[in-house]
Amino acid sequence: MTDRWMSDSGTTDVALTVSGMTDVGMTDGGMTDSGMTDGGMTDGGMTDGGMTDGGMTDSAMPDVGSAFARLHDEVDAASEALARQALVDAFMASHGQATPYVFGDEAVFLYWDQAGELPGTYTEVHEASELNDWSHEGAASRMTRLADTDLYYSWWSGLPLDARVDYKLVLHQSAGGYLWIQDPRNPHLAPGIGGDNSELRMPDYQPSPWIAFRAEVEHGWVGDLSDDVNGFGGYPTGPCDDPHQVFVYFPPGHAEGTGPYGALLVNDGEEYKDKALMANVADNLIAEGLIEPVVLIFIRPNERNSEYFGDCAGSCPGSISTYLSYLSDKVLYFARQHWKVASDPARVGIMGASYGGHISLRAAFQRPDLYGLVAAQSARVDAPYSG
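This structure is a prediction, so every number in the text was calculated from the model and none was measured.

Reading the values: the criteria
- Residues numbered from 1 in each chain as written.
- Predicted model: local features only at pLDDT ≥ 70, side-chain atom pairs only at ≥ 80, totals over all residues.
- Heavy atoms only, no water.
- Helix = DSSP H or I, 4+ residues; strand = E, 2+ residues; numbered from the N terminus.
- Contact = heavy atoms within 4.5 Å.
- Areas by Shrake-Rupley, 256 points an atom, 1.4 Å probe, with all protein chains shown as cover.
- Buried < 20%, exposed > 50% of the residue type's maximum accessible area, 1.4 Å probe, protein only.
- Pairing = 2+ DSSP bridges.
- Phe/Tyr/Trp six-rings, centres within 6.5 Å; stacked < 30°, edge-to-face > 60°.
- Lys NZ or Arg CZ within 6 Å of the ring centre and 35° of its normal.
- Core = buried A, V, L, I, M, F, W, Y, C linked by side-chain atoms within 4.5 Å.
- Axes fitted to C-alpha atoms, helices over the stretch in contact; angles between N-to-C directions.

J.: Go over the overall build of the protein chain with me, naming the residues and quoting the values.
T.: Within the protein chain, the secondary structure is distributed over eight helices and 17 strands. Restricting to contacts in the protein chain with at least 6 residues of sequence separation, those with at least 24 account for 73%. Carbon and sulfur atoms make up 53% of the accessible area of the protein chain, which totals about 15700 Å².

J.: Tell me about the pairing of strand S7 (residues 151–157), residues and numbers included.
T.: Regular strands have side chains that alternate between both faces of the sheet. Within S7, seven of the seven residues are buried, which leaves it mostly tucked inside the rest of the structure. Where burial is concerned, the two faces of S7 agree: the one with Leu151, Tyr153, Trp155 and Ser157 and the one with Tyr152, Ser154 and Trp156 are both buried. Pairing analysis gives six bridges linking strand S4 (residues 106–112) to S7, with the strands arranged antiparallel. Looking across to S7, one finds that Ala107 is bridged to Trp156.

J.: Tell me about unusual backbone geometry, and please be specific about residues and values.
T.: Residue Thr99 is joined to Pro100 through a cis peptide bond whose omega torsion reads 0°. Note that Pro100 resides in the loop between helix H2 (81–95) and strand S3 (101–103). With phi around 55°, Ala147 is a residue other than glycine that occupies positive phi space. Its place among the elements puts Ala147 in the loop between strand S6 (144–145) and S7. Its identity as a non-glycine residue notwithstanding, Ser354 has a phi of 55°, on the positive side. When you line up the elements, Ser354 lands in the loop between strand S16 (348–353) and helix H8 (355–366).

J.: Report on the packing of aromatic side chains, specifying residues and quantitative values.
T.: Counted according to the given criterion, the structure contains 14 aromatic pairs. Ring centres of Phe103 and Trp155 lie 5.6 Å apart, and the angle between their planes is 90°; on these two criteria the pair is classed as edge-to-face. Residue Phe103 is located in strand S3, and its partner Trp155 is located in strand S7; the two are separated by 52 residues in the primary sequence. Exposure class is identical for Phe103 and Trp155. Each is buried. Where Phe250 meets Trp339, the ring centres are 5.9 Å apart and the plane angle is 70°; that geometry is what we call edge-to-face. Of this pair, Phe250 sits in strand S13 (residues 245–250) while Trp339 sits in the loop between helix H7 (320–338) and S16; the two residues are 89 residues apart in sequence, bridging distant segments of the chain. By relative accessible area, Phe250 is classed as buried at 13%. Take Trp339: its relative accessible area is 4%, and that puts it in the buried class. Among the aromatic residues, those joined into a cluster by ring pairs are Trp221, Phe232, Tyr235, Phe250, Tyr333, Phe334 and Trp339. The ring of Phe247 carries Lys273 above its face, with NZ or CZ at 4.3 Å from the centroid.

J.: Talk me through the pairing of strand S15 (residues 294–300); I want residue IDs and the actual numbers.
T.: Within S15, six of the seven residues are buried, leaving the element largely enclosed by the surrounding structure. The sheet contact formed by S13 and S15 spans five bridges and is antiparallel. Bridge pairing links Val248 to Ile297 in S15. Direction of pairing for strand S14 (residues 262–267) relative to S15: parallel, over a ladder of six bridges. When the sheet's bridge partners are listed, Ala263 is paired in S15 with Val295.

J.: Report on the nonpolar core, specifying residues and quantitative values.
T.: Soluble globular proteins tend to pack their nonpolar side chains together in the buried interior. By size, the foremost hydrophobic cluster in this structure holds 33 residues, and its most contacted members are Leu265, Ile297, Leu327, Trp339 and Tyr371. For this core, the elements supplying multiple residues, two or more each, are S13, S14, S15, helix H6 (304–309), H7, S16 and H8. No other element matches H7, which puts nine residues into this core. Excluding anything up to four places from it in sequence, Leu327 contacts Leu265, Asn267, Ile299, Leu332, Ile350 and Tyr371. One finds Ala107, Leu159, Tyr167 and Leu200 within the second-largest nonpolar core, a separate group that totals 19 residues.

J.: Before we move on, can you summarise the sheet that holds S13 with the specific residues and values?
T.: Across the sheet, six strands lie side by side as S12-S13-S15-S14-S16-S17; this open sheet has mixed pairing. Edge strands, defined here as strands with exactly one partner in the open sheet, are strand S12 (221–224) and strand S17 (373–377). Taking each pair of neighbouring strands and ignoring which way they run, the sheet shows an average axis angle of 15°. Where S14 meets S16, four bridges bridge the pair, whose relative direction is parallel. Bridge pairing in S16 links Leu265 to Ile350. Seen against the sheet, H8 touches S14, S16 and S17 and runs at an angle of roughly 150° to S16.

Quick look at the structure:
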């Protein structure tokens, strides 16, 4: 997989390593941890995002790739700045209604600086996406300025035809810091943790069939049982001094069943519940006989950065250790006492995305006696700040 014309000179192809190209359902959304919170991401979009096309596809603009290549050559050949800008303005008037451009296995991301923010207020523009591991600094993500015009681009080739890519544009401020924005010329958004991302869909991408609500299948029950968990007075480790909002999915037949049921603890639970539509997925998979009935426990973080990653910035209302204790000594204990959840760790899992993936991995490695299964979706896996 390559990114064409990473430098302004010539047409050199720079090969870049790509991870996370598959449609993982939800990703970080690109709000990285340097100068921003972790939200906004994820990693891959939680749902199909209501998108019919992930940009301008072959059917809409069959020659857009060659047209952009011609623009690149014509701008290089033009001797005057006004002429170069005029070429860009004319091209965008004809082809700039919907970006990114998609043709075959290639995609072109654009940022048209009509507001004149670059290079004054902002010094660079970057495309942070699953194509470059959400990098927002350096050559891997830096978009190329087309000569001295107000058009910036990155051109990727060799993309899987069935891929779906979440991305954001990142403006580097001259005074320091970054501004993460959705692509102003792409109306298609994918929900991610902490906010929506712009979304690219390659020509053969198909949304997951498991997300949609199916009226014909049996449905589980979803509700807020925070008061039950946090108000319980029988914990062996003392009172619940770290309450969180807890939503629960009980599979069809749970009330009448004897169990025990497998369970999955879901970090960033409200996001997975509302944006990933995880209850629909569970209903559909259970109805097809692909999974056994399972209890889903959605936990909403109080202080996401510090609880999931230890990023306290000098002050920690919550911490990794207190949060993990809450999960094991409060939530899972209560679930086994009151929700018919299995005591066998082989039937209990924990999951999350990005920072949520990090805390899920820590929980599984630190407490294998509780969690025999773990899913870390586009996880942040480098060392935490503290914890």
